[in-house]
Every structure is written in structure tokens, then in C-alpha cells.
Amino acid sequence: MTATHSTRMLILGSGPAGLSAAIYGARAGMAPIVVQGIQPGGQLTTTTDVENYPGFREVIQGPWLMEEMQAQAEHVGAQMMWDTIVEVDLSQRPFRLVGDGGHVYLGDTLVIATGAQAKWLGLDSEQKLRGQGVSACATCDGFFFRGKKVAVIGGGNTAVEEALYLTNHSHDVTLIHRRDTLRAEKILQERLFKHHGVKVLWNTEVEEFVGGEGNEGLVALNLKDTRTGESSRLDVHGGFVAIGHHPATELFQGHLELDADHYIEVEPGTTRTSVPGVFACGDVMDKIYRQAITAAGTGCMAALDAERYLAEADFEAEEAVAAE
Ligand code: FAD
Ligand code: NAP
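Report follows, based on the coordinates. Just so you know, these numbers come straight off a predicted model, no measurement behind them.

**Focus on the sheet that holds strand 12 (residues 173-176)**
The strand order across the open sheet built from five strands is 10-17-11-12-13, with neighbouring strands paired in parallel fashion. Every interior strand has two partners, whereas the edge strands, strand 10 (134-135) and strand 13 (198-201), have only one. Its contacts with the sheet put helix 5 (residues 157-166) on strand 11 (150-153), strand 12, strand 13 and strand 17 (238-241), and the angle it makes with strand 11 is roughly 170°.

Okay, here's the thing in C-alpha cells:
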């Protein structure tokens, strides 16, 4: 039997953005419903050590942090639904969303916090060594490679920013790009080329991430020159894949304004999307910072924006009744 659930604030996604929105929404009396999706807790449940989420002196574990966030959201009154949304109708309020088992969710406001997933090269060795030297987030994991040789793969803004960021920890950073020109903005390119700590390998692809003995993790990359086909090996302990992200926005195509990279467009300085009453937060609208703390911060903003939106809508409805 399918059921219909109604709420003042419907939240899609249970990563740091969705759960922070839930905590603020619940404390504002909006009894939010959180549809968790296929990855309850979001991306941080796929990692181990988290050292940069404020409030914890010692290293904490990503899955533990997300369990605590969910428990906090439930404690203040948010309701979790283990469901994944497959259909949306944003053309009228309440917004109507349908889960993959047919359950219907009606929300006076909607907070979208469906996140983004890193793109990977698709190599078996990459999959095998993820979390053991292979990462898609230098800001998250760079610190673990202090004083070691590292490489970044990609040629866009993210790759260049990550290479520059890694020079804080390593004196030997190599940027590996498949072509002979970068896609990154000129100002970032200039900064990169001036930096003595970064070498660039042009026209080069990674063929294999090479693991060491036992639990040693990544020790080298096997490379190929895209013009000559020549093979080479680069010794590194950290390999950062920075070839872009897929924001989880397929559901919203044709319903909301998305940018050229498919991220949800929001009014600058707010979480308001192109549809009044629909708000977006976290990695699904942020292609620059992509951190748990920034996701949590914009989650808070989304709940406050939604609460203000509802207060104004309620006020206007009361005024209309009074005028009759
Ligand atoms: P996500 O965490 O991506 O959560 C998205 C949520 O949306 C999930 O719950 C998913 O199930 C749900 N969802 C998606 N589609 C649907 C749907 N159709 N219906 C319902 N729900 C849906 N950041 C740091 O600050 N520090 C770190 O140390 C750190 N380490 C990281 C390590 C790894 C391996 C990775 C991958 C990321 C790391 N990050 C780190 C980045 C951080 O995890 C993200 O920036 C953050 O999780 C983004 O939060 P979010 O809530 O926007 O989205
Ligand atoms: P991006 O601009 O799409 O660049 C991806 C890079 O990875 C490209 O250089 C691409 O090579 C390379 N690549 C893609 N697939 C590959 C593969 N299979 N093998 C090897 N290389 C591959 O992604 P991004 O750098 O993450 O940036 C995404 C968006 O966010 C952009 O709009 C960017 O401007 C924005 N952004 C902005 C900031 C900022 O303003 N500070 C910071 C980060 C990101 P090719 O060049 O050959 O295609």
C-alpha cells in the first residue's frame, strides 16, 4: 500500500546539507520530512578520517559524524524516510514528489540537498585503491600526504586549485593533464606556472594506479603519453582525481534552472532557486567549496529561507482572508 506524507518542509537528501536543514527546520516547528535516498548520511559515509569538521579535537570517522547528525535531527523532531525520489512536480504547491515504491510526498516547501558525486577515470586499480592513496578531494585528504609526493589528474579549475592547495603539504606535486592546454581560468594557470612546487605533465593519461606491498596503498602511477603512446612511471603516494563532478540533478531538469554544469542555480547569497518555495543547498548547488561544513552551512540557510518564505506566504494568506 502506498501512503501520502505531507509536511511544511520536505527535504531531499540526508548528507550534511539535508540534515542541517532538518535540524533548523525542526527547531523552527516545521516538522520536516527527510527523504534519505540511496546513500543515507551522504558522501561522508564513504570515508574514514575527518579532521576538518569543527568541534572535534581528535580525528573523527565520517560515518559516525553522519549518524550523530541524523540522531540530532531526529531528536529535535525531523522524520526520516528510507526512500528515493523518482518523480517531481514543482508546478503547483504543495510540491508533489513520488518515491520509487510509489509513496507520495507533499511539501509546502522543498529543500533539495541531493549532493554531487566525483567523476572517476573508471580504472579497476582506481576503484581498488580509493581511500588508500587515491582520492577525489585534496582539501579533505591532502593533509594525510604531508611531505609525500602527490599527483593531481585533470586540467580544469578544480585540478589547478587542488594542485596549488597540495603545495601546502607536499614539495613535490605533479599535475597530469591529457591535453597540452588547461581548461582552468588564466589567473589560476598563471599562479600554477609560477609555482616552483608544481610540475605539469602534458598529453599524459593515467593507465594504472599501482599499489605497494600489503597495506602500503598507492606507490606509483603508470602513465601513457597520448601523442607517442610511450609508457612511464611516476612514484607518488597520493593520486587526486579532479576531472569534475556530477551533481544529482537529473530529476530537476526542465523543472528548475540549472547551470551549464547541471548544478542548481540559486539567487546569489541565498538558497532560493528559480521556483519560489524550492531551495537548494550543499554540493548540488556548490561547485567551488564542496565541503561538509559548507554543505551544513547552506543547509542551515535553506531552512531559514524556507521558514521566511512560509511566514510571508502565511501572512499574505491571512491578509487575503481579512480583505474578503
Ligand atoms: P551528500 O553528502 O552528497 O548527500 C547527498 C544526499 O542526497 C544523500 O543522502 C543521497 O542519498 C541523497 N539523494 C540523492 N538523490 C536522491 C533522491 N533522488 N532522493 C532522495 N535522496 C537523494 N568534506 C569535508 O568537509 N571533510 C572531509 O574530510 C571530507 N572527506 C570526503 C571524503 C570522501 C571520500 C568524499 C566522497 C567526500 C568528502 N568530503 C569531505 C566532501 C563532503 O562529503 C561533501 O562536501 C558533503 O557530503 C556534501 O554534502 P551534501 O549534503 O551536499 O551531499
Ligand atoms: P571541468 O572544468 O569539467 O574540468 C575537468 C577536467 O578534467 C578537464 O581538464 C578535462 O580534460 C579533464 N578530464 C575530464 N575527464 C577526463 C578523463 N576521463 N581523463 C582525464 N582527464 C579528464 O571540471 P572542474 O575543474 O571540476 O570544474 C567544474 C566547474 O566548476 C567549472 O565550471 C569550473 O569553472 C567550476 N569551478 C570553479 C572554481 C572557482 O571558481 N574557483 C573552482 C572549481 C570549479 P579536457 O580539458 O581535456 O576536457
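Moving on from the coordinates now.
**Concerning a negative patch on the surface**
Taken together, the side chains of Glu-312, Glu-316, Glu-318 and Glu-319 present a region of like negative charge at the surface. Mapping Glu-319 onto the fold places it in helix 7 (residues 292-323). Judged by its relative accessible area of 46%, Glu-319 falls in the partly exposed class.

**Focus: the packing of helix 1 (residues 16-27) against helix 2 (residues 62-75)**
The angle between the axes and the distance between the axes are what describe a pair of packed helices. Two elements in contact, helix 1 and helix 2, have axes whose closest approach is 8 Å; the angle formed by their N-to-C orientations is 25°. With respect to their mutual orientation, helix 1 and helix 2 come out roughly parallel. Read as a crossing pair, helix 1 and helix 2 show a hand that is left-handed. Taking contact as the criterion, the partners of Pro-16, Leu-19, Ala-22 and Ile-23 in helix 1 are, on helix 2, Met-66, Met-69, Gln-70, Gln-72 and Ala-73. Along the lines of polarity and charge, the residues of the contact of helix 1 with helix 2 split into seven nonpolar, two polar and no charged.

**Considerations on the pairing of strand 7 (residues 95-99)**
Burial analysis of strand 7 places four of its five residues in the buried class, the great majority of the element. Sheet topology places strand 6 (residues 85-89) next to strand 7; four bridges connect them, and they run antiparallel. In the sheet register, Ile-85 faces strand 7, and the bridge partner there is Gly-99. In this antiparallel pair of consecutive strands, strand 6 and strand 7, the connection spans five residues. Looking at chain direction, strand 7 and strand 8 (residues 104-112) are connected through four bridges and run antiparallel. Looking at strand 8, one finds that Val-98 is bridged to Val-104. Taken together, strand 7 and the strand that follows it, strand 8, pair antiparallel across an intervening segment of four residues, in which Gly-102 is found at a positive phi of about 95°.

**Overview of the pattern of salt bridges**
Pairing between side chains becomes possible if they bear opposite charge and their charged atoms approach one another. Taken as a whole and assessed by the stated rule, the structure comprises eight salt bridges. We note a salt bridge from Asp-172 to Lys-199, for which the minimum N-O separation is 3.1 Å. A residue pair is termed long-range when its members are at least 10 positions apart, and Asp-172 in the loop between helix 5 and strand 12 and Lys-199 in strand 13 qualify at 27 residues. Overall, the relative accessible area of 45% leaves Lys-199 in the partly exposed class. Between Lys-287 and Asp-261 there is a salt bridge, with the nearest N and O atoms lying 2.9 Å from each other.

**Considerations on the packing of helix 1 against helix 7**
Contact geometry for helix 1 and helix 7: axes closest at 7 Å, N-to-C directions at 40°. The two elements helix 1 and helix 7 meet at a crossing, and its hand is right-handed. Between helix 1 and helix 7, the residues in contact are Pro-16, Ala-17, Ser-20, Ala-21, Tyr-24 and Gly-25 and Ala-292, Ala-295, Ala-296, Gly-299, Cys-300, Ala-303 and Leu-304, respectively. Looking at the contact of helix 1 with helix 7, its residues break down into 10 nonpolar, three polar and no charged.

**Looking at the site of ligand 1**
Within the structure, ligand 1 sits among 31 residues, and Gln-36, Gln-39, Gln-43, Asn-52 and Ala-292 are positioned closest to it. Measuring from an oxygen atom of ligand 1, one finds a backbone N or O atom of Pro-16 at 3.3 Å. Note that an oxygen atom of ligand 1 is positioned 3.1 Å from one of the backbone N or O atoms of Arg-290. Among the elements of the structure, helix 1 and helix 7 are those that each provide at least two residues to the shell around ligand 1. Residue composition of the shell around ligand 1, grouped by class: 13 nonpolar, 16 polar and two charged.

**Notes on the site of ligand 2**
Close contacts around ligand 2 come from 18 residues, with Thr-158, Glu-161, Arg-179, Arg-183 and Asp-261 the closest. At 3.1 Å, a side-chain N or O of Asn-157 approaches an oxygen atom of ligand 2. The residue inventory of the shell around ligand 2, partitioned by class, reads three nonpolar, seven polar and eight charged.

**Side note on the sheet that holds strand 14 (residues 204-211)**
Read across the open sheet, the three strands follow the order 14-15-16; overall the sheet is antiparallel. Edge strands, defined here as strands with exactly one partner in the open sheet, are strand 14 and strand 16 (231-235). Adjacent strand axes in the sheet meet at a mean angle of 25° when their direction is disregarded. Bridge analysis of strand 15 (residues 218-225) against strand 16 gives five bridges, and the strand direction is antiparallel. Its bridge partner being in strand 16, Lys-224 is matched across the sheet by Ser-231.

**Notes on helix 2**
With 14 residues, helix 2 should cover 20 Å at 1.5 Å per step; its first-to-last C-alpha distance of 20 Å lies within 8% of that length. Taken residue by residue, helix 2 has Gly-62, Leu-65, Met-66, Met-69 and Ala-73 as its buried positions. With its buried residues spanning 95° around the axis, helix 2 presents them on a single face. Those residues of helix 2 that are exposed and aimed more than 90 degrees away from the buried face are Glu-67 and His-75. Looking at the packing, one finds that the buried side of helix 2 touches helix 1, strand 3 (49-50), strand 4 (60-61) and strand 5 (79-81).

Reading the values: the criteria
Residues numbered from 1 in each chain as written. Chains lettered and ligands numbered in written order. Predicted model: local features only at pLDDT ≥ 70, side-chain atom pairs only at ≥ 80, totals over all residues. Heavy atoms only, no water. Pairing = 2+ DSSP bridges. Helix = DSSP H or I, 4+ residues; strand = E, 2+ residues; numbered from the N terminus. Contact = heavy atoms within 4.5 Å. Axes fitted to C-alpha atoms, helices over the stretch in contact; angles between N-to-C directions. Patch = residues over 30% accessible without salt bridge, like charges linked within 9 Å, V, L, I, M, F, W, Y side chains within 5 Å. Areas by Shrake-Rupley, 256 points an atom, 1.4 Å probe, with all protein chains shown as cover. Salt bridge = Lys/Arg side-chain N within 4 Å of Asp/Glu carboxyl O. Lys, Arg positive; Asp, Glu negative; His and termini not counted. Charge placed at Lys NZ, Arg CZ, Asp CG, Glu CD. Buried < 20%, exposed > 50% of the residue type's maximum accessible area, 1.4 Å probe, protein only. Parallel < 35°, antiparallel > 145°, perpendicular 65-115°, else oblique. Left-handed = near helix turned anticlockwise from the far one by under 90°. Nonpolar A, V, L, I, M, F, W, Y, C, P; charged D, E, K, R; others polar. Near = heavy atom within 4 Å. Polar contact = N/O pair within 3.5 Å; in protein donor to acceptor, adjacent residues only side chain to side chain. Expected span 1.5 Å × (residues − 1). Arc of directions from axis to C-beta.

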